[in-house]
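Summary of structural features
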Amino acid sequence: MSPDAERVGLIGIGSMGWPMAARLVQAGFQVTVFDAAPAQASRFAQEVGGQAAASCAQLAAQATLIFTMLPTSAIVEEVLTGEAGVLSALQPGSVVIDMSSGVPAHTQRLAQAVHQAGGQMVDAPVSGGVARARTGDLSIMFGGAAATLERVRPALSAMGSSITAVGDVGSAHAMKALNNLVSAGGFLIGVEAMLIGRQFGLDPDVIVDVLNASTGMNNSTQKKFKQFVLSREFNSGFGLDLMVKDLSIALGIASDSGTPAPFSSLCRELWASAAKTLGPGQDHSAVARLSEQLAGAELGSRKT
């Protein structure tokens, strides 16, 4: 299906939503955007292209593929079912694609509401952060029917280089939470290893280099430690509160399925403790500061 075959709407023009919507515009799609801050949507339309909608209902009246990139399932529900929400003006046969990090059971309930309104809902959360959103290189997990994936694939391909079908509606949100659980665990253990090595006398930059050439390599060693922790920038673009939310979703899945997860529980508690200790508005990479406080030492590059 060509970009001009369907009009696209994207709700949530934040740090991730903005570059994702921009990729759709660049791919040739007709794009309508909406944000809770009207000035943000208007600025996007002026600087990037497309149109800004005054409400979610207005966006739904114009678009047949409606993407949401929002912080929580509760906010997704509000934009869908609230006053002047998407479902109040949904065109028959439209597809709602929730790219947020949501609660699987909540997503499944919302999918029923969308179905009753005459449309379909799928979940397609992303991994890769702001940098990969800008280049259209996100990893996208997809939960929904195979035929629906083929319908929305051209739009998803404008935003991501990897699209993996993982199951029915809700399964992609489960997968995203589990992915972030693994990522969060790797980040914490890497920070502790750097602190141990620093106290021994090793250079943190060298520690990261060796990890990246060895079996200790992970996403954090490759793309976070030097860039955001050792640099002391702590500005990856993904919030600490959002990581805690995703870890809580993962632990909820474990509880619902009766799966013991002691290490995961400790991981979530450490991240939650960091969020409480450091206060609101922190980047997720700032969790390293909690480990530094516990160790009584500070990481940082020794390079001048």
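For the structure, see preceding data.
Here is what the cut-offs are and how they apply
Residues numbered from 1 in each chain as written. Predicted model: local features only at pLDDT ≥ 70, side-chain atom pairs only at ≥ 80, totals over all residues. Heavy atoms only, no water. Salt bridge = Lys/Arg side-chain N within 4 Å of Asp/Glu carboxyl O. Helix = DSSP H or I, 4+ residues; strand = E, 2+ residues; numbered from the N terminus. Buried < 20%, exposed > 50% of the residue type's maximum accessible area, 1.4 Å probe, protein only. Expected span 1.5 Å × (residues − 1). Arc of directions from axis to C-beta. Contact = heavy atoms within 4.5 Å.

1. A look at the pattern of salt bridges
Evaluated as defined, the whole model comprises 9 salt bridges. Across the pair Asp 209 and Lys 226 runs a salt bridge whose closest N-O atoms are separated by 2.6 Å. One end of the pair, Asp 209, is in helix H9 (residues 204-212); the other, Lys 226, is in helix H11 (residues 225-230), and 17 residues separate them in sequence. A relative accessible area of 38% places Asp 209 in the partly exposed class. We classify Lys 226 as partly exposed; its relative accessible area is 28%. It is possible to trace a salt-bridge network through shared partners that takes in Arg 232, Glu 292 and Glu 298.

2. Examining helix H5 (residues 104-116)
When the terminal C-alpha atoms of H5 are compared, their 19 Å separation across 13 residues agrees well with the 18 Å that a helix rising 1.5 Å per residue should span. If you check which residues of H5 are buried, you get Pro 104, His 106, Thr 107, Leu 110, Ala 111 and Val 114. Across the axial projection of H5, the buried residues extend over an arc of 145°, all falling on one side. Turned more than 90 degrees off the buried face of H5, the exposed positions are Arg 109, His 115 and Gln 116. Looking at the buried residues of H5, the elements they touch are helix H4 (73-81), strand S5 (95-98), strand S6 (120-123), helix H8 (171-200) and helix H12 (240-257). Residue Gly 118 follows H5 closely and has a positive phi angle near 100°.

Purely geometric numbers; function is a separate question.
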